[in-house]
Amino acid sequence: MSEKTDKTEQQRLSVFKTYKLYVGGKFPRSESGRVYEVTDSKGKWLANAPLSSRKDARDAVVAARKAFGGWSGATAYNRGQILYRVAEMLEGRGDQFVREVADAEGLSKSKSAAVVDAAIDRWVWYAGWTDKIAQVVGGGNPVAGPFFNLSTPEPTGVVTVLAPQESSFLGLVSVIAPVIATGNTVIVIASEKSPLPALSLGEVLATSDLPGGVVNVLSGKTAEIAAPLAAHQDVNAIDLAGADDVLAKELEIAAADNLKRVVRPQPVDYSRTPGIERLTAFLETKTVWHPTGALGASGSSY
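Everything quoted here is computed from the prediction, not taken from an experiment.

A. The pairing of strand β7 (residues 215-218), seen in detail. Residues Val215 and Val217 of β7 are buried on one face, and the alternating residues Asn216 and Leu218, pointing to the opposite face, are buried as well. When strand β6 (residues 185-189) meets β7, the two strands line up parallel, connected through four bridges. Note on β7: the bridge partner recorded for Ile189 is Leu218. With helix α8 (residues 196-206) bridging β6 and its parallel neighbour β7, the resulting β-α-β unit is right-handed.

This is how it looks when you write it as structure tokens:
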């Protein structure tokens, strides 16, 4: 009996994973039906990734805009809880991401584990900022006259992010987390060469209480997907972290048509603790004036 069992086990074929996009809280294949081969640093085939089309990009914008009202209207405390939940779920699937990051970036298992741990910590770090950033960049302003003058930060809206090409996971998390921590929704174009960690991250986000459409992950040719998003009238900002100089210039020109906010590409060491620059990059300041009023005949005001 044991010999028969051993033979059965030897004949079993492993189940290959089908990677899909993450759009609107669901996992569609590319509208075009196209895929492209993803290989490791040594040229070994890993999987077929969806090759997103312009239609996929437009669908992602629709999903992000639909989710924006609920996500931006959620309390900062609630957003922090959800980002922390992402870290929890990612911790539970750490072994999978260690393998994927090692294959994607050509790292040893120990170095890949360090990258995954840093990415988990990065989610926790930004979760802690959700209910504090308003105190840092907002506040009351002294004015001449009987008025309260209050400035508060508000999210910009729908943001397109070109994920870093080389740092396929830690860099990816470092550009997504601050965008959604401040109440924006995001369309992410994964690393063209190494999209698998990003596509797997979508599976984590789907089980982390994050409303569908807050994060949308596309894979494929970066320039092909980014062009329609940079020109899209319902995208409010774009982060060019994963663009080269030539592509960045083209996208910046396209983004000017509806005055998108643009974060230009720059050298970043994603292993270092980030500042608040990416939190504030996609915030707008609303200033409200309100009369103080008067109390009684004495004319004192509050």
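B. Examining helix α4 (residues 94-105) more closely. Between its terminal C-alpha atoms α4 stretches 16 Å, which fits the 16 Å expected from twelve residues at 1.5 Å a residue. Looking at the packing, one finds that the buried side of α4 touches α3 (76-92), α5 (109-129) and α8. Within two residues after α4, Gly106 carries a phi angle of roughly 65°, on the positive side.

C. Summary view of unusual backbone geometry. Phi at Asp209 is positive, roughly 70°, even though this residue is not glycine. The exposure class of Asp209 is exposed, given its relative accessible area of 57%. Backbone geometry at Leu259 places phi at a positive 55°, although glycine is not the residue there. Take Leu259: it is sitting in the loop between α10 (245-255) and β9 (261-263). Residue Leu259 is classed as exposed on the basis of its relative accessible area, which comes to 73%.

D. Representation of the packing of helix α2 (residues 54-73) against helix α9 (residues 222-231). The N-to-C vectors of α2 and α9 enclose an angle of 45°; their axes lie 9 Å apart at closest approach. Regarding the angle of α2 to α9, the classification is oblique. Like other packed secondary-structure pairs, α2 and α9 cross with a definite hand, here right-handed. Across from Arg54, Ala57 and Val61 in α2, the residues of α9 making contact are Ile225, Pro228 and Leu229. The residue makeup of the contact of α2 with α9, split by class, is five nonpolar, no polar and one charged.

E. Local environment of the sheet that holds β7. With parallel pairing, five strands are arranged side by side in an open sheet as β7-β6-β5-β8-β9. Looking at the sheet topology across the chains shown, the edges are occupied by β7 and β9. Neighbour to neighbour, the strand axes of the sheet diverge by 15° on average, direction disregarded. Summarising the sheet, strand β8 (residues 237-239) and β9 pair through three bridges and their orientation is parallel. Pairing of Ile238 across the sheet is with Val262, part of β9. Strand contacts of helix α7 (residues 170-181): β5 (158-162), β6, β7 and β8, with the helix running at about 165° to β6, the strand carrying the most contacts.

F. Seen up close, the packing of aromatic side chains. One pass over the full model with this rule turns up five aromatic pairs. On the numbers, 4.9 Å between centres and 25° between planes, the contact of Phe97 with Phe169 is stacked. Of this pair, Phe97 sits in helix α4 while Phe169 sits in the loop between β5 and α7, placing them 72 residues apart in sequence. Judged on exposure class, the residue Phe97 and its partner Phe169 are both buried.

G. Quick peek at the side chain of Asn184. Looking at the secondary structure, you find Asn184 in the loop between α7 and β6. Asn184 sits in the buried class, given a relative accessible area of 0%. At 2.8 Å, the side chain of Asn184 and the backbone nitrogen of Thr156 are in polar contact. Within polar-contact distance, the side chain of Asn184 engages the backbone nitrogen of Gly157 at 2.8 Å. Discounting chain neighbours no more than four positions away, the residues touching Asn184 are Phe68, Trp71, Pro155, Thr156, Gly157, Val159, Val179, Val214 and Phe282.

H. Examining the pattern of salt bridges more closely. A full pass over the atoms with the stated rule returns ten salt bridges. We note a salt bridge from Asp234 to Arg65, for which the minimum N-O separation is 3.1 Å. With Asp234 in the loop between α9 and β8 and Arg65 in helix α2, this pair connects stretches of sequence that are 169 residues apart. Judged by relative accessible area, which is 27%, Arg65 ranks as partly exposed. When salt bridges that share partners are traced, they join Lys17, Arg93 and Glu203 into one network.

Analysis parameters
- Residues numbered from 1 in each chain as written.
- Predicted model: local features only at pLDDT ≥ 70, side-chain atom pairs only at ≥ 80, totals over all residues.
- Heavy atoms only, no water.
- Buried < 20%, exposed > 50% of the residue type's maximum accessible area, 1.4 Å probe, protein only.
- Helix = DSSP H or I, 4+ residues; strand = E, 2+ residues; numbered from the N terminus.
- Pairing = 2+ DSSP bridges.
- Right-handed = clockwise from strand over helix to strand, strands pointing away.
- Expected span 1.5 Å × (residues − 1).
- Contact = heavy atoms within 4.5 Å.
- Axes fitted to C-alpha atoms, helices over the stretch in contact; angles between N-to-C directions.
- Parallel < 35°, antiparallel > 145°, perpendicular 65-115°, else oblique.
- Left-handed = near helix turned anticlockwise from the far one by under 90°.
- Nonpolar A, V, L, I, M, F, W, Y, C, P; charged D, E, K, R; others polar.
- Phe/Tyr/Trp six-rings, centres within 6.5 Å; stacked < 30°, edge-to-face > 60°.
- Polar contact = N/O pair within 3.5 Å; in protein donor to acceptor, adjacent residues only side chain to side chain.
- Salt bridge = Lys/Arg side-chain N within 4 Å of Asp/Glu carboxyl O.

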